[in-house]
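Summary of structural features
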Amino acid sequence: MNRRTLMLGASALAALTACGDSSKFISYSGPQVTQIQVFKGKRMMYLLHGDEVLESYKIALGGDPIGPKQFEGDGKTPEGLYYINRRNPNSAYYLSIGISYPNPQQVAFATEQGKKAGGDIFIHGRDGKNKGRGRDWTAGCIAVKDKEVREIYAMVRDGTPIFIFP
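If you're wondering where the values come from, they're calculated on a predicted model, not measured in any experiment.

Focus: the pattern of salt bridges
Applying the stated rule across the entire model yields 6 salt bridges. With its nearest N and O atoms 3.7 Å apart, the salt bridge here joins Asp120 to Arg86. Placement of the pair is Asp120 in the loop between helix H2 (104–112) and strand E8 (122–124) and Arg86 in strand E6 (residues 80–88), with a sequence separation of 34 residues. By relative accessible area, which is 58% here, Asp120 ends up exposed. Residue Arg86 is classed as partly exposed on the basis of its relative accessible area of 25%. We note a salt bridge from Arg87 to Asp158, for which the minimum N-O separation is 3.2 Å. With a gap of 71 residues between them, Arg87 in strand E6 and Asp158 in the loop between helix H3 (146–155) and strand E10 (161–165) connect regions that are remote in the sequence. Taking the relative accessible area as the measure of exposure, Asp158 reaches 42% and is therefore partly exposed.

Below is the structure:
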């Protein structure tokens, strides 16, 4: 792991063990993640502190990832500036952190076209049933390995900006 320390304290371990799967949750005491950058074409995601890359991950995207997400069910991963706005410790995809797609302009555009913009875009794990499913298989989310989403879940705070590039 690059320039950071992931630690699981004894008290945190005891508390999490009482609540269920303690292996899902770790704590992070390294530099603050100040932004996330996703490069869809390279299938890469970077966690940064300022201009320093703290960690990088290979990613899977929506089943039809070329171009920006515009409508529910289009299989595309959004492009643009968003924010991490929620987390789901009980995700069907191991752990997940939410991305603030769609913004009001995207909702208005989809509505004008007589469609829905979609939503529920997350960075999440692969879960056992999705391992080996190929390069791009999500409904528009950003998927990483389960062990990687554990790190991301610990490192990234709500409100962190995420830039998603083509």
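Observations regarding unusual backbone geometry
Cis geometry marks the peptide bond from Tyr101 to Pro102; its omega dihedral reads 0°. Within the secondary structure, Pro102 is located in the loop between strand E7 (96–99) and H2. Look at Arg43: it is not a glycine, yet its phi comes out positive at around 55°. Tracing the backbone through its elements, the reader meets Arg43 in the loop between strand E3 (35–39) and strand E4 (44–49).

A few points about the sheet that holds E4
Reading across the sheet, the 8 strands line up as E5-E4-E3-E10-E6-E7-E8-E9 and stay open at both edges, with mixed pairing between neighbours. Of all strands in the sheet, those bounded by a partner on one side alone are strand E5 (52–58) and strand E9 (142–143). Lying over the sheet, H3 contacts E4, E5, E6, E7 and E8, oriented at roughly 145° with respect to E5.

Some details on the confidence of the model for the chain
For the chain, the average pLDDT comes to 86, and 82% of its residues sit at 70 or higher. Throughout residues 2–20 the model reports pLDDT below 50, and contacts reaching past four residues in sequence, or to other chains, amount to 36 contacts.

What about H3?
H3 sits mainly inside the fold: 8 of its 10 residues count as buried. Where H3 is concerned, the buried positions are Asp146, Glu148, Val149, Glu151, Ile152, Tyr153, Ala154 and Met155.

Overview of the pairing of E7
Two faces belong to every sheet, and in a regular strand the side chains alternate between them. The alternating pattern of E7 places Ser96 and Gly98 and Ile97 and Ile99 on opposite faces, both of which are buried. Relative to E7, E6 runs antiparallel, the two being bridged by 4 bridges. Looking at E7, one finds that Ile84 is bridged to Ile99. Note: E7 against E8, 3 bridges, orientation antiparallel. For Gly98, the partnering residue across the bridge sits in E8 and is Phe122.

Thresholds applied
Residues numbered from 1 in each chain as written. Predicted model: local features only at pLDDT ≥ 70, side-chain atom pairs only at ≥ 80, totals over all residues. Heavy atoms only, no water. Salt bridge = Lys/Arg side-chain N within 4 Å of Asp/Glu carboxyl O. Helix = DSSP H or I, 4+ residues; strand = E, 2+ residues; numbered from the N terminus. Buried < 20%, exposed > 50% of the residue type's maximum accessible area, 1.4 Å probe, protein only. Pairing = 2+ DSSP bridges. Contact = heavy atoms within 4.5 Å. Axes fitted to C-alpha atoms, helices over the stretch in contact; angles between N-to-C directions. pLDDT = per-residue confidence, 0-100.

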